Amino acid sequence: QVQLVESGGGLVQAGGSLRLSCAASRRTFDPYSRAWFRQAPGKEREFVAAIRRIDLNTYYADSVKGRFTISKDSANTVYLQMNTLKPEDTAAYYCAGSYKATMSSEPEDYNYWGQGTQVTVSS
């Protein structure tokens, strides 16, 4: 079974930046799409960004457009560069993978999940 592990979370001041990473336990893991979700206490899990395997096309939630960038390297590690962070970005961030043949913002469409990494943005 493939496992995903996130890293790079931490505490940052508003306006600052963080870069999250998501590595897979198998180097051959390369599903149709990879994504980042986040979840704050008492809130539903929220889509953040996704990247498509075939052409690296990306898709972002409106709340992070222009501030966050999702990318993937040759080892299939997925990254989330987060700039101009706001207190409302505070959440546990989870990486995910999906073999559904369309890009999706729905958590139920993703088959593989990491354990999460905490991002806290102070004002």
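Before reading on, note that the structure itself is shown above.
Bear in mind that the values here come from a model prediction, so they are computed numbers and not experimental data. (Residues numbered from 1 in each chain as written. Predicted model: local features only at pLDDT ≥ 70, side-chain atom pairs only at ≥ 80, totals over all residues. Heavy atoms only, no water.)

Colleague: Which parts of the structure should I look at to understand the environment of Asp73?
Modeller: Looking at where Asp73 falls in the secondary structure, it is placed in the loop between β7 (68–72) and β8 (78–82). Note on Asp73: relative accessible area 26%, which makes it partly exposed. Looking at Asp73, its side chain comes within polar contact range of the side chain of Tyr79, at 2.6 Å. (Helix = DSSP H or I, 4+ residues; strand = E, 2+ residues; numbered from the N terminus. Buried < 20%, exposed > 50% of the residue type's maximum accessible area, 1.4 Å probe, protein only. Polar contact = N/O pair within 3.5 Å; in protein donor to acceptor, adjacent residues only side chain to side chain.)

Colleague: How should I be thinking about the pairing of strand β5 (residues 46–52) in this particular structure?
Modeller: Two faces make up the sheet, and in a regular strand the side chains alternate between them. Along β5, five of the seven residues are buried, which leaves the element largely enclosed by surrounding structure. As paired strands, strand β4 (residues 33–39) and β5 are joined by six bridges and run antiparallel to one another. Across the sheet, the residue bridging to Trp36 is Ala49, located in β5. Between the antiparallel neighbours β4 and β5 lie six residues, among them Gly42 with a positive phi of about 75°. One ladder, built from three bridges, connects β5 with strand β6 (residues 58–60); its direction is antiparallel. (Pairing = 2+ DSSP bridges.)

Colleague: Is there a simple way to explain the sheet that holds strand β1 (residues 4–7) in this structure?
Modeller: Through backbone hydrogen bonds, the strands of a sheet pair up, either in parallel or in antiparallel fashion. Strand order in the open sheet made by the four strands is β1-β3-β8-β7, with antiparallel pairing throughout. Each edge of the open sheet is held by one strand with a lone partner, namely β1 and β7. Direction aside, the axes of adjacent strands within the sheet are offset by 15° on average. With four bridges joining them, β1 and strand β3 (residues 18–24) adopt antiparallel strand pairing. Within β3, the position partnered with Leu4 by the bridge is Ala24. (Axes fitted to C-alpha atoms, helices over the stretch in contact; angles between N-to-C directions.)

Colleague: Hey, could you run me through the state of the cysteines in this one?
Modeller: Here a disulfide denotes a covalent bond joining the sulfur atom of one cysteine to the sulfur atom of another. Enumeration according to the criterion identifies one disulfide in this entry. Here Cys22 connects covalently by a disulfide to Cys95, the sulfurs 1.9 Å from one another. Torsion about the S-S bond of the Cys22 and Cys95 cystine: about 45°, corresponding to right-handed handedness. Highlighted residues: Cys22 in strand β3 and Cys95 in strand β9 (residues 91–98), separated in sequence by 73 residues. Just as Cys22 is buried, Cys95 falls in that class too. (Disulfide = S-S within 2.5 Å.)

Colleague: Sorry if this is basic, but what is going on with unusual backbone geometry here?
Modeller: Leave glycine aside and you will find that most residues have negative phi; peptide bonds, for their part, are mostly trans. Despite not being glycine, Leu56 has its phi angle at roughly 65°, a positive value. Structurally, Leu56 is set in the loop between β5 and β6. Positive phi, close to 50°, is recorded for Thr84, a residue that is not glycine. Its location among the elements puts Thr84 in the loop between β8 and β9.

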